[in-house]
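# Observations on the three-dimensional arrangement
If you want the building blocks of each chain, they are given just below.
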Amino acid sequence: MDALDFGMAQSSSRRRFLAGLGLGGGALLTAPAFGQSLVNLALPGGPSTRPMTSAFPQKGDMILQRTRPPLLETPMEVFDRSVFTPNDRFFVRWHWADIPTSIDVESYRIVIHGHVDRPLSISLAQLLRMPRLEMAAVNQCSGNSRGLFEPRVPGAQWRHGAMGNAKWVGVSLRHVLDLAGVRAGALAVRFGALDQPVVPDGPDFSKSLAVDHARNGEVMIAFQMNGEQMPLLNGFPVRLIVPGWYSTYWVKMLNEIEVLDKPDDGYWMAKAYKIPDTPNANITPGTKDFPSVPINRMIPRSWITSWSDGTPLAYAPNLPVGGIAMGGDAAVAHVEISADHGRKWHRANLGPDEGKYGFRRFDANVRVPRPGTITLMSRCTSAAGVTQPMPPNWNPGGFMRDCVETSTVTLS
Amino acid sequence: MRDISIGALSGGALLFAALILIAIGPPRHVPLPRAPATYNVSGPSEVTGGGITLASTSVDLADDDAVYPDGPHADVINASCTACHSASMALAQPRLSSDQWKSIVEKMRDTYKAPVPEAAVPDIVTYLASISAKLPASGAAPLTTNDRSGGTG
């Protein structure tokens, strides 16, 4: 929406107030208001019902987890249509509600400072003229699928839709850091953004990466997402892309890069987004005093998307099953399907390889001897030799879910 | 009229459009607390390089007026817990114990600097526990580990 259109819009205030979009009123979940449709996320113990909303700018129909600040989940059927998630259906997650709603590309600057030889202020025009990098990579929330944890844990109660894959185009962070000249003794690079806390002294969102990781040539400052500039809610004009790592590092509306010569002790690195330092970040519920580390690399996951869990279908002896898989911080090596609760696994066919950090399509056919309910599972193994485990992992933050997911269909 | 060149027609159209835009002028009735007003008569500002153009963008972000529904001390939670986030954040949580709610409310105050008076905390916890009481108790043992990881995500 350009500036002139915005000026001519009918709304009389910067934020339009939309009645009935919340979950308020009487019982936890009310009857639909104003004809809005509801979706059932089937979270164990609930509440599972969420409204659908198309009220957010540059976004189509999304599952509404929270209006302010926005938490918008992608409906699973979007992932069945393409391994690339359209920009207007890509999930949205902000920590603080003071999000700039107007960005002027001519005056936007990214400031690089700290333990560098030459502090810089880079304009978007300069960034667009720098050597370019293109990469497909999955952006997945650290807490994707948290709503399925058992026992349940507090936090954003996503089902599987807090993720998306896009082709990102931008400049490698290494190139920008080398323009500033990283000085010897640099330990980390911290990223700041335009959004601000809404209360004084609230911890401003920032994340950091170890300096060698920041300079690995794959971490990039992106200005294009699936061939277009990013939706504002996904970080326009520029965001950080950290292929193979969880979304918390993919700082949106990136405007500050600070090179540190000591560890980042800010809240968002030192206290938030920490996982148990154990295999699969798994601990027994109730465990106290476990060592923890900042969440980091993603791990293999896969989802059957060719129908919604619990869908009734007409019986046929042959059932096509398809979905998407990801290798985490490595490529997908293979995907297998089981129709007998994991006793036997059969290789699925993989779709085109669109990049090691992206989604990969898989398809298979399952023979169905007679009508009834079938339980299907998909299991991904990455090129790093990591296979999705069967038992669900658990940690109090609801992070890094990695287990084999189950999908049921009733054929009658 | 005959033999009007394309150039003249385009020029005329542009002039006409420019005159319209000048007549409309920049928006005056919409308050924009933060926008660096870069409205200009030739359209939104852009930067171009290497075959890619980025155009300045303004959006109208949705908000909600939903409040916490009726319950014990609903007035207290409505006064304390709507400034930073929608009510749906709390209402979408799974069944949590009073201890877990207390830990969460204290995190809001201590970590996120929510302007919640300490005296209000017990009432807020009572309200949130009443919401949880409407959810089915699961078969699993009640969770006693409070999240020391800082959470979010």
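Here the structure is a predicted model, which means the values were calculated and not measured.

### Some remarks on the sheet that holds strand β5 (residues 71–73) of chain A
Residues and elements named next belong to chain A.
- The strand order across the open sheet built from five strands is β2-β3-β4-β5-β6, with neighbouring strands paired in antiparallel fashion. Every other strand in the sheet has two partners, leaving β2 (38–40) and β6 (92–93) as the edge strands with one partner each.
- In terms of strand pairing, β5 meets β6 through two bridges, oriented antiparallel. Considered in β6, the bridge of Leu71 is made with Arg93.

### Some remarks on the packing of aromatic side chains
Residues and elements named next belong to chain A.
- Within the structure shown, the criterion is met by 14 aromatic pairs over all chains.
- Judged by centre distance (5.8 Å) and plane angle (25°), the ring pair of Tyr273 and Phe399 falls under stacked. Here Tyr273 is found in the loop between α6 (267–270) and β17 (274–276), whereas its partner Phe399 is found in the loop between β26 (372–382) and β27 (405–411), with 126 residues between them in sequence.
- The exposure class of Tyr273 is buried, given its relative accessible area of 2%.
- Classification of Phe399 by relative accessible area gives buried; the value is 0%.
- Linked through ring pairs, Phe90, Phe91, Trp158, Trp168 and Trp250 together constitute an aromatic cluster.
- Geometry around Phe84 places Lys167 over its ring, the cationic atom sitting 4.8 Å from the centre.
- When the ring centre of Tyr249 is taken as origin, the NZ or CZ atom of Lys207, which lies over that ring, is 4.9 Å away.

### Concerning helix α4 (residues 98–110) of chain B
Residue and element names in this part refer to chain B.
- Counted at 1.5 Å a residue, the expected span for α4 with its 13 residues is 18 Å, and the 18 Å between its end C-alpha atoms agrees.
- If you check which residues of α4 are buried, you get Gln100, Trp101, Ile104 and Val105. Taken down its axis, α4 places every buried residue within 135° of arc, on the same side.

### What about the pairing of strand β14 (residues 220–225) of chain A?
Residue and element names in this part refer to chain A.
- The buried count for β14 comes to six of six residues, which makes it a mostly enclosed element.
- In this structure, strand β11 (residues 163–172) lies alongside β14, joined through five bridges in antiparallel fashion. Bridge pairing in β14 places Val169 opposite Gln224.
- Of the strand pairs in this sheet, β14 and strand β15 (residues 239–241) are connected by three bridges, and their pairing is antiparallel. Residue pairing in the sheet places Met220 in a bridge with Ile241 of β15.

So, how was this worked out
Residues numbered from 1 in each chain as written. Chains lettered and ligands numbered in written order. Predicted model: local features only at pLDDT ≥ 70, side-chain atom pairs only at ≥ 80, totals over all residues. Heavy atoms only, no water. Pairing = 2+ DSSP bridges. Helix = DSSP H or I, 4+ residues; strand = E, 2+ residues; numbered from the N terminus. Phe/Tyr/Trp six-rings, centres within 6.5 Å; stacked < 30°, edge-to-face > 60°. Buried < 20%, exposed > 50% of the residue type's maximum accessible area, 1.4 Å probe, protein only. Lys NZ or Arg CZ within 6 Å of the ring centre and 35° of its normal. Expected span 1.5 Å × (residues − 1). Arc of directions from axis to C-beta.

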